Amino acid sequence: MNPARRITWPRDADGFLLDWHDWNESCAELLASEEHLVLTPAHHEILLMLRAYYARHAHSPAMRALVSLTRRELGPDKGRSIYLLRLFPGSPARLASKIAGLPKPEHCL
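Presented here is a report on the structure given in the accompanying data block. (Residues numbered from 1 in each chain as written. Predicted model: local features only at pLDDT ≥ 70, side-chain atom pairs only at ≥ 80, totals over all residues. Heavy atoms only, no water.)

## Considerations on the overall build of the protein chain
Looking only at helices and strands, the protein chain features five helices and zero strands. Helices and strands in the protein chain line up, N terminus first, as α-α-α-α-α. Relative to the 2.2 N^0.38 estimate, which gives 13 Å for 109 residues, the radius of gyration of the protein chain is 13 Å and therefore close to what a compact globule would have. A principal-axis box enclosing the C-alpha atoms of the protein chain has dimensions of 40 × 25 × 25 Å. For the protein chain, buried positions account for 41% of its 109 residues. Taking all contacts inside the protein chain whose residues are at least 6 apart in sequence as the whole, residues at least 24 apart take part in 55%. Surface accessibility of the protein chain: about 6,200 Å² in total, with carbon and sulfur atoms responsible for 53%. Mean positive and mean negative side-chain charge positions of the protein chain (14 and 12 charges, respectively) differ by 6 Å. (Helix = DSSP H or I, 4+ residues; strand = E, 2+ residues; numbered from the N terminus. Rg over C-alpha atoms; globule rule 2.2 N^0.38 Å. Buried < 20%, exposed > 50% of the residue type's maximum accessible area, 1.4 Å probe, protein only. Contact = heavy atoms within 4.5 Å. Areas by Shrake-Rupley, 256 points an atom, 1.4 Å probe, with all protein chains shown as cover. Lys, Arg positive; Asp, Glu negative; His and termini not counted. Charge placed at Lys NZ, Arg CZ, Asp CG, Glu CD.)

Below, the structure written as structure tokens:
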């Protein structure tokens, strides 16, 4: 990543934004690039869904809850662990929450 494009918003030791209100699409692109991801419309669909969930519930969903939420909101084809893993490798709940500018989900490594 180009050092001139570093994110200047306050973040915790794991790189999560301290204030979810600081987030915008440019921020998402930069956070994703730090994780070696290029965001597509499918990624943005999940990120916006997560932000709406956080606005309602004031917490980020862990993996099982994320799969259920995705199934309810986006349908059974997208509401599967494998779909989320393809978009957000490793730990989808953690990585998607991070890129969405949300706090780290509880019970995520």
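## Section: helix 1 (residues 25–34)
Those residues of helix 1 that sit buried are C27, A28, L30, L31 and A32. The distance from a side-chain oxygen at the start of helix 1 to the backbone nitrogen of S26 is 2.9 Å, and the residue carrying that oxygen is N24. Immediately downstream of helix 1, the backbone of H36 shows phi near 65°, a positive value. (Polar contact = N/O pair within 3.5 Å; in protein donor to acceptor, adjacent residues only side chain to side chain.)

## Here's the deal with the packing of aromatic side chains
The final tally for this structure, using the stated rule, is one aromatic pair. Consider the rings of W20 and Y54, whose centres lie 4.9 Å apart with planes at 70°: the pair is edge-to-face. Of this pair, W20 sits in the segment before helix 1 while Y54 sits in helix 2 (residues 41–57), and the two are 34 residues apart along the sequence. For Y54, a relative accessible area of 14% corresponds to the buried category. Lying across the ring of F16, K98 places its NZ or CZ 5.8 Å from the centre. (Phe/Tyr/Trp six-rings, centres within 6.5 Å; stacked < 30°, edge-to-face > 60°. Lys NZ or Arg CZ within 6 Å of the ring centre and 35° of its normal.)

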